[in-house]
Amino acid sequence: MSDLRIRAATPDDLDTVLAFWKTAAEGTSISDDRDGVERLVARDPGALILAERGGELVGTVIAGFDGWRCHLYRLAAHPAYRRQGIGSALLAAAEERFVRLGGRRADAMVLTRNETAHHAWRAAGYTPEEKWRRWVKPLTD
């Protein structure tokens, strides 16, 4: 993957990232809009990590650290480039970021129905914790 460039997103990347997620990411989130991603990049400039090949966006991951826990979201590779090490390279960059920030354990949000993702996360050394359940409450309409 020597032709793969891994870097933090900038505000100029946000529209491209949002369009990319419509093609490459499974599911949607209440924060999948310009304002939501803009706030992420402004608050934590290194959290949204991009993979590019030849100037084209081919992968993303959000590596959020709140000072206590390390959270992974939106690991996605372009469908035409899957199984080429993009996800692995993004996870390595995210995990390196967490270690630099003092993180001790990473967790990932993975859709229950996304079996393909389950295989990828297991291959990367992650395991599900069945004793936990995510509880949510929308704060806006």
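Scoring rules and cut-offs
Residues numbered from 1 in each chain as written. Predicted model: local features only at pLDDT ≥ 70, side-chain atom pairs only at ≥ 80, totals over all residues. Heavy atoms only, no water. Phe/Tyr/Trp six-rings, centres within 6.5 Å; stacked < 30°, edge-to-face > 60°. Buried < 20%, exposed > 50% of the residue type's maximum accessible area, 1.4 Å probe, protein only. Lys NZ or Arg CZ within 6 Å of the ring centre and 35° of its normal. Pairing = 2+ DSSP bridges. Helix = DSSP H or I, 4+ residues; strand = E, 2+ residues; numbered from the N terminus. Axes fitted to C-alpha atoms, helices over the stretch in contact; angles between N-to-C directions. Parallel < 35°, antiparallel > 145°, perpendicular 65-115°, else oblique. Left-handed = near helix turned anticlockwise from the far one by under 90°. Contact = heavy atoms within 4.5 Å. Nonpolar A, V, L, I, M, F, W, Y, C, P; charged D, E, K, R; others polar. pLDDT = per-residue confidence, 0-100.

For the chain, an unreviewed UniProt entry supplies the name GNAT family N-acetyltransferase and the organism Streptomyces galilaeus.

Another point: the packing of aromatic side chains. For any pair of aromatic rings, the description rests on two quantities: the centre-to-centre distance and the angle between the ring planes. In this structure the tally under the stated criterion is one aromatic pair. For the pair Trp121 and Tyr126, a centre-to-centre distance of 5.0 Å together with 85° between the ring planes defines the contact as edge-to-face. Across the pair, exposure class does not vary: Trp121 and Tyr126 are buried alike. The cationic tip of Arg69 hangs over the ring face of Trp68; the distance from NZ or CZ to the ring centre is 4.0 Å. For the cation-ring pair, Arg74 lies above Trp21, with the distance from its terminal atom to the ring centre recorded as 5.3 Å.

Pairing is mixed in the open sheet, where five strands are placed in the order E1-E2-E3-E4-E5. Of all the strands in the sheet, the pair left with one neighbour each is strand E1 (4-8) and strand E5 (106-108). Taken pair by pair, the neighbouring strands of this sheet meet at an average axis angle of 25°, ignoring direction.

Moving on, we come to the packing of helix H1 (residues 14-24) against helix H2 (residues 34-43). The contact between H1 and H2 brings their axes to 10 Å, and the two run at 120°. Between H1 and H2, the angle is such that the two are oblique. Handedness of the crossing formed by H1 with H2: right-handed. Residue-level contacts link Leu14, Asp15, Leu18 and Trp21 of H1 to Arg34, Val37, Glu38 and Val41 of H2. Partitioning the contact of H1 with H2 into residue classes produces five nonpolar, no polar and three charged.

Let us look at the pairing of strand E2 (residues 48-53). In terms of burial, E2 is largely enclosed, as six of its six residues are buried. With burial as the criterion, each face of E2 is covered, one bearing Leu48, Leu50 and Glu52 and the other bearing Ile49, Ala51 and Arg53. For E1 and E2, the ladder comprises five bridges, and the chain directions are antiparallel. Each bridged residue has a counterpart across the sheet, and for Arg7 the counterpart in E2 is Leu50. One ladder, built from six bridges, connects E2 with strand E3 (residues 56-65); its direction is antiparallel. Considered in E3, the bridge of Arg53 is made with Glu56.

The next thing to look at is the confidence of the model for the chain. Scored by pLDDT, the chain comes out at a mean of 90, with 96% of its residues at no less than 70. No element of the chain has a lower mean pLDDT than helix H4 (residues 115-123), which averages 89, and none a higher one than E2, which averages 97.

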